[in-house]
Amino acid sequence: MSFKDVIVYVDGTEASKARCGLVIGLAKAQGAHLVAIAFAPQALMPLYGADVAFADMSGVLESVKEQGEEALARFGTAAAAAGISHEARLMHGTSDEFPHDFAAAARLTDLAILGQPRDGDPLVGQYALLERCLFASGRPVLIVPAAPVESADGDTIVVAWDGSAEAARAFSDARTFLKAAKRVVLLAGLREESRHDIGVSADGMVAHLARHGAKAEVIKITMSEGGDIGRLLLSRAKELEADMIVMGAFHHSRWRELILGGVTLTMLEEATIPLLMAH
């Protein structure tokens with residue numbers, strides 16, 4: 001199994017350049033077709049005669065569109081130089097519409113690639129874009145940090161395992177990466193009340209991966225209710241010199257509660273290596 005088509009969001013930020021470099025390298029390794037999407041924002045209809053405020057926004061909207069066009073041009077040049085099959089689209093709409101439209105386009109590919117939410121253009125609504133991709137595209141999302149990375153084909157991949165359906169889905173969606181990795185480590189998060197069950201399911205997942213040609217090992221970590229699980233995962237990934245983290249995204253859909261704190265926010269904001277999430 002390999003990725004045959006990949007979609008990536010591009011914009012005028014420096015982080016976008018690193019993202020494009022990674023996705024082009026991934027496509028070359030996988031023989032995948034690339035789809036790059038940039039956003040051309042359109043103002044909402046003015047409310048209650050607020051024409052002045054909307055007129056003031058016109059320059060900002062045009063600037064974002066121009067930056068998107070430039071980002072697509074850079075992407076096209078780099079993809080052509082690498083000999084990659086590719087296409088570039090400027091997606092028009094409002095900030096509210098764009099996440100939904102992007103997620104719909106992602107359904108027609110194998111993998112969506114986004115940047116860390118803090119690194120994108122504020123008009124796009126980066127958290128909303130990530131939310132829609134995770135919940136509405138039916139595809140895994142690879143989140144790329146702003147710091148340049150050479151490749152997504154990590155030698156060492158850490159996978160967060162808690163026995164949940166989301167974690168199982170993440171394993172399945174990451175199988176291409178897991179099979180290519182030299183080392184796969186399951187970080188099995190143990191709580192006192194479920195210590196035995198998680199340990200057994202982790203061993204079962206190792207056996208499942210082996211049948212798919214991916215060799216993995218288990219490292220069990222004890223989690224406390226009051227501990228910062230996100231930072232614990234990041235710390236262990238750093239100790240293991242991981243090149244990628246794989247994890248299930250959110251155990252329920254109450255995004256706004258989760259994004260204000262906890263594991264999800266920590267991972268999204270502080271990961272310094274690519275993070276593959278699935279729901």
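Here goes a summary of the coordinates provided. All of these numbers come straight from a predicted model, not from anything done at the bench.

Side note on the nonpolar core
Counting residues in hydrophobic clusters, the biggest one holds 46 residues, and the most contacted among them are F75, L111, I113, L178 and L186. It is helix α1 (residues 14–30) that provides the largest number of residues to this core, a total of six residues. Among all residues touching I113, those that are not within four sequence positions of it are V6, I7, V8, Y9, R19, L22, V23, L26, L142 and V144. One finds A105, V124, I143 and L233 within the second-largest nonpolar core, a separate group that totals 39 residues.

Considerations on the pairing of strand β10 (residues 275–278)
Side-chain alternation along β10 places L275 and M277 on one buried face and L276 and A278 on a second face that is also buried. Bridge count for strand β5 (residues 141–144) against β10 is three bridges, and the pairing is antiparallel. Directly across from I143, in β10, lies its bridge partner L275. One ladder, built from four bridges, connects strand β9 (residues 244–248) with β10; its direction is parallel. Along β10, the bridge assignment pairs V246 with L276.

Section: the environment of A278
By the element assignment, A278 lies in strand β10. Taking the C-alpha atoms as reference points, A278 and A174, 104 residues apart in sequence, are found 8.9 Å from one another. Setting aside residues no more than four positions away along its own chain, A278 makes contact with L134, P140, E166, R169, A170, D173, M247, G248 and A249.

Notes on empty space enclosed by the protein
This model, assessed by the stated rule, comprises three cavities of 30 Å³ or more. Quantified by volume, the largest cavity comes out at close to 50 Å³. Elements represented by at least two residues in the lining of the largest cavity include exactly β2 (33–41) and α2 (51–81). The dominant element in the lining of the largest cavity, judged by the number of residues it contributes, is α2, at three residues. Of the residues assigned to the lining of the largest cavity, the class counts are six nonpolar, three polar and two charged.

Description of a negative patch on the surface
On the surface, a cluster of negative charge is contributed by E62, E66, E69 and E70. Relative to the helices and strands, E62 resides in helix α2.

Calculation criteria
Residues numbered from 1 in each chain as written. Predicted model: local features only at pLDDT ≥ 70, side-chain atom pairs only at ≥ 80, totals over all residues. Heavy atoms only, no water. Core = buried A, V, L, I, M, F, W, Y, C linked by side-chain atoms within 4.5 Å. Buried < 20%, exposed > 50% of the residue type's maximum accessible area, 1.4 Å probe, protein only. Helix = DSSP H or I, 4+ residues; strand = E, 2+ residues; numbered from the N terminus. Contact = heavy atoms within 4.5 Å. Pairing = 2+ DSSP bridges. 1 Å grid on protein atoms, 1.4 Å probe; cavity = no way out; pocket = protein on both sides within 12 Å on 5 of 7 lines; lining within 4 Å. Points joined across faces, edges and corners; volume = space filled by probe spheres on them. Nonpolar A, V, L, I, M, F, W, Y, C, P; charged D, E, K, R; others polar. Patch = residues over 30% accessible without salt bridge, like charges linked within 9 Å, V, L, I, M, F, W, Y side chains within 5 Å. Areas by Shrake-Rupley, 256 points an atom, 1.4 Å probe, with all protein chains shown as cover. Salt bridge = Lys/Arg side-chain N within 4 Å of Asp/Glu carboxyl O. Lys, Arg positive; Asp, Glu negative; His and termini not counted. Charge placed at Lys NZ, Arg CZ, Asp CG, Glu CD.

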